[in-house]
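# A look at the structure
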Amino acid sequence: MKLLQNPSRFTSLLKWVSQLSLETHLKPPISGTEFLLRRTQNPRSFATVTGNEVSSEKLNVKRTRNGFRITPTIRKLAEEAMLDYFYSTRGLQYMVAESMSKNSPMFIDNLLKKVDCVTASDINQSITRYLRFHPVNEFEPFLESSGLKPTEYSHLVPCDKVFLEEEGFLLENHHVLCYSGVDPKKIGKIFKEAREVFGYETGVLASKIKAYEDLGFSRYFLSKLIVCSPRILIGNTNVELAKVLKTLKSMGFEFDWVMENLSDEGSCDWSSVHRVLRLFREICFDEEELCGLIRKYPRLVFENSGKWTVILVGFETKLGSSRRELCSLFQKFPLIQVEKCVSNLRQCFLFLKEIEMEDDEIHKVFRSHSWWLGSCRLKKTSSLLVFLKAGKTRVCQVIQESPEEMKKWTMGSKIQPLPATNVDIDSKLMKTQFLLDLGYKENSEEMESALKNFRGKRSELRERFNVLVSLGFTEKDVKDMVKACPTMLSQTCDILESKVNYLINELGYPHSTLVDFPSCLKFTLQRMKLRFAMFSWLQARGKVDRKIKVSTMLACSDKIFVSFFVNRHPDGTKHLEDLKKLHLCVETN
């Protein structure tokens, strides 16, 4: 009844059943064993299967060479076959053989794709038959079962070896690590970071582990220590490790606390950790203060072996922070990663430099407010200036008066424009008067748009206007040009003059060309010179007409310019690159 009440679900069911029937007709009859295998892989009733579930299963399905789905049951049979092969045929230790067969799913799936089998129950015999003529590279399942992904171990597989026994003392040292309490699924990390360990001769690795046990390390603590810092097994006993643990123990931190704060994912550089502890001893004023700091923020010591903490101290020191200010910063440290804190502080520093704040003022901000600035990810400077609707000087003034305002300018927050000052109001009135002189209608949308596009004071805008008049344009022409392209007056007088002189005096275009296309003055002088130089080169070789509109030359994108002009000559691309290098050298000089 439920299916009949839901037509779309019933239609999906019909499609699924029809597809199932089609696959059944196309395949040979199945045995009772295979029927049971297929039945166990999906015990759900037909009524619970939707169209979306069926389509996702078809997309993610894995099959053997003969088209059988690789279900958990089939994979289990394959694992049993591999265990028998590794243990009985290859003679590996049972613990190693079992781990390689059960903990290398990707290897098993790839193997099943190569195996021919008539029925699902034939998987065991098919794998045995395949391996008889196609020995597998044992390093692949060994490293995968040790916790490495194919992308991590591909470069670790020997090119000239197939069997594990060919690698000398590999299995012997693997056994020593397992006996010492190291999880077999984490031995791959040791193989990747300290491969020399697996080349030690008989007794060497055991003696190194015994040396650490003699320092009072429990087997459980030492096993985690080896995974976190595999390189402590290389060379003599790690002196820096002993110093760190001795220092921490003298401050009341037991091995269990250290173990809780070590990460299996990264590798610990104990010399760096020791450096951080010595640094904190210099910063903090007493032992009790230091113990409280480390207990509250263990990441300061253990995150990336304390290297980001050292960077943070160096950053703050360069900004003039005193010992007491550094201690205060760490006592109020935000609940984020140290790396993230350093990144946020750097972003804030760049922002203050980009708005041209004085160095002394930047130092004041960081010396007093780094503890919360480290948790704030500011938006980009260009975006902030647009949202705040203020210039750099105004933003600097706001920050100097109240640095906490920056808390409102972080990523994801909605930023409100800064309130207008008397200077801003006077500036807007003067710009409005300038626009009225140009012929804009008061309070019109056209005037509002022009006010947003203009950059500079009224006196500066008037000066730029007069420069264009002095270059041969009439006042009426300049007014028309400004109305058509208000942003052209956002450039300095020197830049405007150099662009006009280049187009009119050097290239010979009449003034009317710029009046008709004033937007050409928005493009950089470098773009103008580069493109017209390229055009002149093509013109000398008869590849283009003698005259071309300025708009056609400048307004098109680089891709279109190359396609439409540069590619007309076989050497066009090379000559364009030469011109770019030439113009770059001229600008540098």
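This is a predicted model, so every value here is computed, not measured.

With that settled, the discussion passes to the overall build of the protein. Helix and strand counts for the protein stand at 35 helices and zero strands. When the 589 residues of the protein are sorted by exposure, 41% land in the buried category. Partitioning the intrachain contacts of the protein with sequence separation of at least 6 by distance along the chain shows that 71% fall at a separation of at least 24. A total accessible area of about 32,800 Å² is found for the protein, and carbon and sulfur atoms account for 53% of it.

By the burial criterion, the buried members of helix H18 (residues 287-296) are Leu290, Cys291, Leu293 and Ile294. Seen along its axis, H18 keeps its buried residues to an arc of 165°; they face one direction. What points out from H18, more than 90 degrees from its buried face, is the exposed set Glu288 and Lys296. Lining the buried residues of H18 we find helix H16 (255-261), helix H17 (270-283), helix H19 (299-302) and helix H21 (323-331).

Let's shift gears to the packing of H17 against H21. In the contact formed by H17 and H21, the axes pass within 9 Å of each other and the chain directions differ by 115°. Contact with H17, carried on its side by Phe280, Glu282 and Ile283, involves Arg323, Leu326, Cys327 and Phe330 of H21 and no other residues of that element. Residue classes in the contact of H17 with H21 are distributed as five nonpolar, no polar and two charged.

The geometry of helix H5 (residues 72-89) relative to helix H7 (residues 105-112) is characterised by a closest axis approach of 10 Å and an angle of 95° between their N-to-C directions. Looking at the two axes, H5 sits roughly perpendicular to H7. Residues Ile74, Arg75, Ala78 and Met82 of H5 pack against Phe107, Ile108, Asp109, Leu111 and Leu112 of H7. For the contact of H5 with H7, a count of residues per class yields seven nonpolar, no polar and two charged.

We now examine helix H6 (residues 94-102). Restricting attention to buried positions, one finds in H6 the residues Val96, Ala97, Ser99, Met100 and Ser101. Packed against the buried residues of H6 are H5, H7, helix H9 (139-145) and helix H11 (170-179).

This part takes up empty space enclosed by the protein. Enumeration over the complete set of coordinates arrives at one cavity of 30 Å³ or more. A volume near 40 Å³ is recorded for the largest cavity. Residue lining of the largest cavity: Val96, Ser99, Met100, Phe142, Ser145, Ser146, His174 and Pro184, and that is the complete set. Counting only elements with at least two residues in the lining of the largest cavity, the list comes to H6 and H9. Top element by residues in the lining of the largest cavity is H6. It accounts for three residues.

Excluding glycine, most residues fall at negative phi; most peptide bonds, likewise, are trans. Positive phi, normally seen in glycine, also occurs at Asn304, with a value near 50°. Using a relative accessible area of 42% as the deciding quantity, one classes Asn304 as partly exposed.

Turning our attention to the pattern of salt bridges. In this structure the tally under the stated criterion is 20 salt bridges. With a shortest N-O distance of 3.5 Å, Lys189 and Glu193 are connected by a salt bridge. With a gap of four residues between them, Lys189 and Glu193 both fall in helix H12 (residues 187-193), about one helical turn apart. Among the residues examined, Lys189 registers a relative accessible area of 10% and is labelled buried. The shortest N-O distance in the salt bridge between Glu287 and Arg281 comes to 3.0 Å. According to the relative accessible area criterion, Glu287 is partly exposed, its value standing at 35%. If you follow the salt bridges from partner to partner, you end up with Arg90, Glu138 and Glu165 in one network.

Right, let's get into the nonpolar core. Among the nonpolar cores identified, the biggest contains 117 residues, and Leu352, Met406 and Trp409 are the most heavily contacted of them. Setting aside its immediate chain neighbours within four residues, Leu352 contacts Met357, Ile362, Val365, Phe366, Ile399 and Met406. Leu471, Val500, Leu503 and Leu576 belong to the second-largest nonpolar core, a separate cluster that totals 43 residues.

Looking at the secondary structure, you find Glu497 in helix H30 (residues 493-506). In this structure, the C-alpha to C-alpha distance between Glu497 and Ser470, residues 27 residues apart in sequence, is 9.6 Å. If we ignore the near neighbours within four places in the chain, the residues touching Glu497 are Val467 and Leu471.

Let's shift gears to the packing of aromatic side chains. Under the defined criterion, the tally for this structure stands at 20 aromatic pairs. With 6.3 Å between their ring centres and 10° between their planes, Tyr212 and Phe217 make a pair best called stacked. By the burial criterion, Tyr212 is buried, and Phe217 matches it. Look at Tyr297 and Phe333: their rings are 6.0 Å apart centre to centre, the planes differ by 70°, and that puts the pair in the edge-to-face class. Pair noted here: Tyr297 is in the loop between H18 and H19 and Phe333 is in the loop between H21 and helix H22 (338-354), with a separation of 36 residues, a long-range link. Owing to a relative accessible area of 3%, Tyr297 belongs among the buried residues under this scheme.

Turning our eyes to something else, we now look at the confidence of the model for the protein. A low pLDDT means the predicted coordinates there should not be read in detail. For the protein, per-residue confidence averages 81 on the pLDDT scale, and residues scoring 70 or more make up 80% of the total. pLDDT under 50 marks residues 1-61. Its contacts with residues more than four places away, or in other chains, come to 36 contacts.

To continue, consider the side chain of Gln491. Here Gln491 lies in the loop between helix H29 (475-484) and H30. Here Gln491 falls in the buried class, since its relative accessible area comes to 12%. A polar contact is formed between the side chain of Gln491 and the side chain of Lys499, at a distance of 2.5 Å. One polar contact links the side chain of Gln491 to the main-chain carbonyl oxygen of Leu521, over a distance of 2.9 Å.

Structurally, Met481 is set in helix H29. C-alpha separation for the pair Met481 and Pro518, spaced 37 residues apart in sequence, amounts to 5.5 Å. Excluding residues within four positions of it along the chain, Met481 makes contact with Phe473, Met488, Leu514, Val515, Pro518 and Leu521.

Our focus in this paragraph is the state of the cysteines. Think of a disulfide as a covalent bridge from one cysteine sulfur atom to another cysteine sulfur atom. Scanning the entire structure with this criterion turns up zero disulfides. Cys268 supplies the cysteine sulfur nearest to Cys228, a cysteine that is in no disulfide, at a spacing of 7.4 Å.

Conventions and cut-offs
Numbering of residues starts from 1 in every chain and runs along the sequence as written. Whole-chain, interface and lining totals are the exception, using all residues; otherwise, since this is a predicted model, local features are given only for residues with pLDDT of at least 70 and side-chain atom pairs are given and counted only at 80 or more. Only hydrogens and water are set aside; all other atoms, that is, all heavy atoms of the structure, feed into the side-chain values. Under the DSSP-based scheme used, a helix requires at least four consecutive residues in state H or I and a strand at least two consecutive residues in state E, with every element numbered from the N terminus. Each residue is placed in one exposure class: buried if its accessible area under a 1.4 Å probe, protein chains only, is under 20% of its type's maximum, exposed if it is over 50%, and partly exposed if it falls in between. Only heavy atoms enter the contact rule, under which two residues are in contact if any of them lie within 4.5 Å. For the area figures, the Shrake-Rupley method with a 1.4 Å probe applies, and any residue is considered shielded solely by the protein chains shown. Throughout, the arc means that of the directions going from the helix axis to the C-beta atoms. Axis lines are fitted through C-alpha atoms, for helices just across the contact stretch, and the angle between N-to-C directions can take any value from 0 to 180 degrees. Here the nonpolar group is Ala, Val, Leu, Ile, Met, Phe, Trp, Tyr, Cys and Pro; Asp, Glu, Lys and Arg are the charged ones; every other residue, Gly included, is treated as polar. Put simply, angles under 35 degrees are roughly parallel, angles over 145 are roughly antiparallel, angles from 65 to 115 are roughly perpendicular, and the rest are oblique. The way it works is a 1 Å grid over only the protein atoms, where trapped points that fit a 1.4 Å probe form a cavity and open points with protein on both sides within 12 Å along at least five of seven lines form a pocket, and then any residue with an atom within 4 Å of a point lines it. Grid points are joined across faces, edges and corners, and a volume is the space filled by probe spheres set on the points. Salt bridge criterion: a side-chain nitrogen from Lys or Arg within 4 Å of a carboxyl oxygen from Asp or Glu. Remark: nonpolar core denotes a set of buried residues (Ala, Val, Leu, Ile, Met, Phe, Trp, Tyr, Cys) joined through side-chain atoms within 4.5 Å. Within 6.5 Å between ring centres, the rings of Phe, Tyr and Trp (the latter by its six-membered ring) count as paired, and their orientation is classed by plane angle as stacked under 30 degrees, edge-to-face over 60, tilted in between. In predicted models, pLDDT denotes the confidence assigned by the predictor to each residue on a 0 to 100 scale. Polar contact is defined as a pair of N or O atoms within 3.5 Å, subject to the rule that within protein one atom must be able to donate a hydrogen and the other to accept it, and that residues adjacent in sequence are counted only when both atoms are side-chain atoms. We call a pair of cysteine sulfur atoms a disulfide when they lie within 2.5 Å.

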